[in-house]
Amino acid sequence: MDLSAINPVILIASLMAAATPILLAATGELVVEKSGVLNLGVEGMMITGAICGFAAAVETGSPALGFVAAALGGAALSLIFGFLTQVLMSNQVATGLALTLFGLGLSALIGQGYVGIKPPGTAALNLGPLSDIPVIGRILFSHDLMVYLSLALVAGVWAGLRYTRAGLVLRAVGENHDAAHALGYKVVRLRLAAIAFGGAMAGLGGAYLSLVRVPQWTEGMTAGAGWIALAIVVFASWKAPRVLLGAYLFGGVAVLQLNLQAAGLAVPVEVLSMSPYLVTILVLVIMSADRSRAAINAPASLGRRFHASS
Amino acid sequence: MKLTSILAGAALALGLAGAATAQDKTKVGFVFVGPIGDGGWTYEHNQGRLAVEEEFGDAVETIYQENVPEGADAERVLTQMALSGADLIFTTSFGYMDPTINVAQKFPDVKFEHATGYKRADNVGTYSARFYEGRAVQGHIAGKLTESNIIGYIASFPIPEVIRGINSAYIHAKKANPDVEFKVIWAYTWFDPAKEADAAQALIEQGADVILQHTDSTAPQAAAEKAGDVYTFGQASDMAEYAPMPRVSSIIDNWAPYYIDRVQAVIDGTWESDDTWDGIGPGMVGIGEISSAVPEDVKAEALALKEAIANGDYHPFTGPLNKQDGTAWLAEGETADDGTLLGMNFYVEGLTGSIPQ
Amino acid sequence: MIRLERRPAPSRAWTVATPLLAVALTMVAGGLLFAALGKDPVAAIRTIFWDPLFNDQFAAYSRPQLLVKAGPLILIAIGLSLGFRANIWNIGAEGQYIIGAICGAGVGLAFYPSESWLVFPLMVIAGGLGGWAWAMIPAILKTRFQTNEILVSLLLVYVAEQILASMSLGLMRNPEGGGFPGSRNFQQYPAASNPELIAGTGMHWGVVAAFVAVIGAYVLLNRHMLGFHIRLTGQSPRAARFAGVRPTRLVLFCLGASGALAGLAGLFEVSGPAGQISIDFNQGYGFTAIIVAFLGRLHPVGILLAGLLMALTYIGGELAQFMLGLPAAAIQLFQGMLLFFLLGVDVLSNFRIRLGRREAA
């Protein structure tokens, strides 16, 4: 065993890339849940974004257009969920799961002609001398644009929810939709917007996998990342900065366990393989056991149906 | 009364299965474990199916079902295929072994071909590919190319097929370069491209400059391309889109000749249950073009090795070989028997780490 | 202008009619999809909904298979519905299903090659206990540390999958299997197997258990104090507290019951239709059961019907794939559509559609 082969600086740099798809999807889902809607269809929206982005990038030769298409595709799919749950008031849990099934099928159909193709490369951002700074350069200035964009989006969502009027209204709708409605806010319209944002973010996360991380199209390639994103939102107790913490923690342990394997650590592989899940549970238990800080943060109207009956 | 009529119906349906096959077209079924768009294992089996259609045209009708889970669902799918009048059914994953045998008992007139298993019956044959022959060629090239003397290996689950590949690659890398060291990462999943990318990244960061993979996605190729000076090999399909660098060669699953041959046998009425384990020679295992990134002399050696394996002059598991714990396995000049290879669950001497149990 | 007006009570007529309407709408939309893929829409719809039940060639075999496929879905969904009614969210039935199968199979394999009739009952107990114990992890973490049960139960699915892989490759590997992964096959181990009880009916102990669970849940929810507490907690947690409901016990009961039923489903599956522990033994029943539970409106009889309908689309979908050459993806899409319509038209049983402007009362 040679643990010195693991360079912590490189480890942090690679966990940031590894966690980006989950981070994007989880940030989107955070906004959706803050508005009081539980959309379990993240996996379906991610994979739809993955193929929309891949197809658009291959057809146009532009990864940037691919990401735009991925966001649009994810948002469009999420609006099916939005229409059913907000207008027809269907059950959110079941509709979200159905959306996953639908998205997996749809993406596979769209993707039939795209197996075995290499997408146009996403150029690494050249930050010149900044990336040559020891330690910090590698961690902070050696990534592609989407990594920075994902961080900016987390910060934007955090600030938006906290300091803007729209964020305040969104949270109000999520806490008590009847009161928000009585105050004259358009509950359904706001929620539809939040759902579409969540879909777009999940789509971006999927496209990061198919265009940058892997990059390839194969059916079912998200392989459960959407579910992890859902877990991360709960882990974060609906706070944006903790979404970042959760995604990087999960991604970090996932990357670390592979590094430990390569370094020949004498721990059974199956234990290492389950470590990201166990560590996430353990950290959540520790954080939620501290009662003073563990305010139950779930939006009060989460998952409940809303009907303007007046 | 209702129950008895159902029972009678079942008996009737099972009895009629033979009669239903009496059509002029030969019907060939394929059961796939993944989607045909997986770009790897199932994709290549489906290419074989398409080759059968091409070869026989109107004389043959092929049917297939993708994404069939192993276990109860497989048994139902197989039964329904047999009921629909299939004459020959290829079941293309190890986990279909017991369901194939069960269904074959109920349909003695339908022929079955099960991939990578070991249970046979009068109407069940087995087939598999000696991918370890291709691994030997890869191992040789990898041993010659590596400068850090660290070769990374991304494996799925510790099953005999995968362990055989690691051993074969290691033996030949070691022969080409005595200082070589293998780092193995077990992904513990059949399919998760993002995890493969992370595994490749981890191996590269720990000094590996050649990466072998027993997983089907191109994620490791992309990671190597990004790193710049890392060599990889295509797996299952050629992955030529990454040639000449980082992909310097590949192992290609080529089921088409075998499928065409077996369908022909059913048409001719000469089909018999047997056990086929073909390698480079008959073309079931293809070696993708060795790219210009490999020095000419190494390429020539690799091709000579491939030739020697293909015509039977050389067996990749030829003694003297010891097991990892130092106990003797094969004496000088002795070659491994197929039984040991099929169930291989040990490393050869020199490999570090242990096989997860 | 179209407007929805809440009905004072759900319409009985629409409650019956909406599923039929949804199926009809799915046939139209699905038919368009299949036509767009270049297949005969009428044939495709007939193959999915009609052939598994009535086709001369298949029905005698496919019809009983409905029970085999629906059994575990119903058994798991019944357990989940109890918790869902009380707002206790067990999303990890898949994990409990796996652990139940491993524990039950483990007991069976430990006694190999016993011929005692006791082996199978012991396996059943072990399977139920295994699923129960796995569900107790989120339950205890929730009651002791307020840890969210959605996250814990969901992540434990992945842990269970790793344990499953490890078991199939190591401890439970068939010693006569030539080094290949997977346990002994219970179909060749009579004392531990769960065969078809009456040939040609598809009935095995797991299907029996599913029916018993449907009846049990019905009685519990309608005739028993605990059932009343569950329903009350779901409708109004505050009222429940006044009525003397102890939330901790309710969490332990609901998660425990759903875990035990999922574990039983796993045990009956591994000892019966699936036959053995293998790396890919689980195939998503635990997640599909969540849809089944809600499709059945969390009502035991509804779940029974929803489970059978899901099973029909699976089996019919299989037939459509190889009879008509439809890709599996199209079937998935079709199933998604069916669920969308079923969930969407439900609005008609709770609301009245009004056309025109809002009238002054």
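Nothing here was measured: the structure is a model prediction, and the numbers come from that model.

(A) Seen up close, the interface of chain A and chain C. Taken residue by residue, the interface counts 44 residues in chain A and 42 residues in chain C. Where chain A meets chain C, there are zero salt bridges. Where chain A packs against chain C, one counts two residue pairs in polar contact (both at pLDDT 80 or more). Elements represented by at least two residues in the side of chain A that touches chain C include exactly α3 (63-87), α4 (92-110), α10 (225-235) and α12 (269-289) of chain A. Here the element with the most residues in the side of chain A that touches chain C is α4(A); it accounts for 13 residues. Its residues assigned to classes, the side of chain A that touches chain C comprises 30 nonpolar, 11 polar and three charged.

(B) Local environment of the interface of chain B and chain A. Taken together, the 33 residues of chain B in the interface contact 28 residues of chain A. Roughly 2700 Å² of surface becomes buried between chain B and chain A when both sides are summed, with 54% attributable to carbon and sulfur atoms. When residues of chain B are sorted by the area they lose upon contact with chain A, B:D198, B:E205 and B:Q206 head the list and together hold 21% of the total. Our enumeration of links across chain B and chain A arrives at two salt bridges. The set of elements that each furnish at least two residues to the side of chain B that touches chain A consists of β7 (181-186), α7 (193-205) and α8 (219-227) of chain B. Partitioning the side of chain B that touches chain A into residue classes produces 18 nonpolar, seven polar and eight charged.

(C) Fine view of the sheet that holds strand β12 (residues 285-288) of chain B. All names here are of chain B. Read across the sheet, six strands follow the order β7-β6-β8-β9-β10-β12 without closing on themselves; strand pairing throughout is mixed. Bordering the open sheet on either side are β7 and β12, each of which pairs with just one other strand. Geometrically, the sheet is characterised by an average inter-axis angle of 15° between neighbouring strands, direction not taken into account. Where strand β9 (residues 231-236) meets strand β10 (residues 247-253), five bridges bridge the pair, whose relative direction is parallel. Its bridge partner being in β10, G234 is matched across the sheet by S250.

(D) Local environment of the packing of helix α3 (residues 72-83) of chain B against helix α4 (residues 97-106) of chain B. All names here are of chain B. At a closest axis distance of 9 Å, the pairing of α3 and α4 adopts a crossing angle of 35°. The interaxial crossing formed by α3 with α4 has right-handed handedness. Of the residues in α4, those touching α3 at A74, E75, L78 and T79 are P99, T100, N102, V103 and K106.

(E) Expanded view of the pairing of β9(B). Residue and element names in this part refer to chain B. Burial of β9 is extensive: six of the six residues sit out of reach of the surface. Note: strand β8 (residues 210-213) against β9, two bridges, orientation parallel. Following the sheet pairing, V210 is matched in β9 by Y231. One crossover worth recording links β8 to the parallel β9 by way of α8, and it is right-handed.

(F) The arrangement of the nonpolar core in detail. Core analysis: the biggest nonpolar cluster contains 193 residues, and A:W217, C:F34, C:L75, C:I76, C:L151 and C:I290 have the highest contact counts within it. Per-element tally for this core: the top contributor is helix α1 (residues 8-34) of chain A, with 15 residues. The residues contacting C:F34, other than those within four sequence positions of it, are C:K39, C:P41, C:A44, C:I45, C:I48, C:L326, C:A330 and C:F334.

The rules behind each value
Residues numbered from 1 in each chain as written. Chains lettered and ligands numbered in written order. Predicted model: local features only at pLDDT ≥ 70, side-chain atom pairs only at ≥ 80, totals over all residues. Heavy atoms only, no water. Contact = heavy atoms within 4.5 Å. Salt bridge = Lys/Arg side-chain N within 4 Å of Asp/Glu carboxyl O. Polar contact = N/O pair within 3.5 Å; in protein donor to acceptor, adjacent residues only side chain to side chain. Helix = DSSP H or I, 4+ residues; strand = E, 2+ residues; numbered from the N terminus. Nonpolar A, V, L, I, M, F, W, Y, C, P; charged D, E, K, R; others polar. Buried area = accessible area lost by both parts, 1.4 Å probe. Pairing = 2+ DSSP bridges. Axes fitted to C-alpha atoms, helices over the stretch in contact; angles between N-to-C directions. Left-handed = near helix turned anticlockwise from the far one by under 90°. Buried < 20%, exposed > 50% of the residue type's maximum accessible area, 1.4 Å probe, protein only. Right-handed = clockwise from strand over helix to strand, strands pointing away. Core = buried A, V, L, I, M, F, W, Y, C linked by side-chain atoms within 4.5 Å.

In short, shape yes, function no, at least from these values alone.
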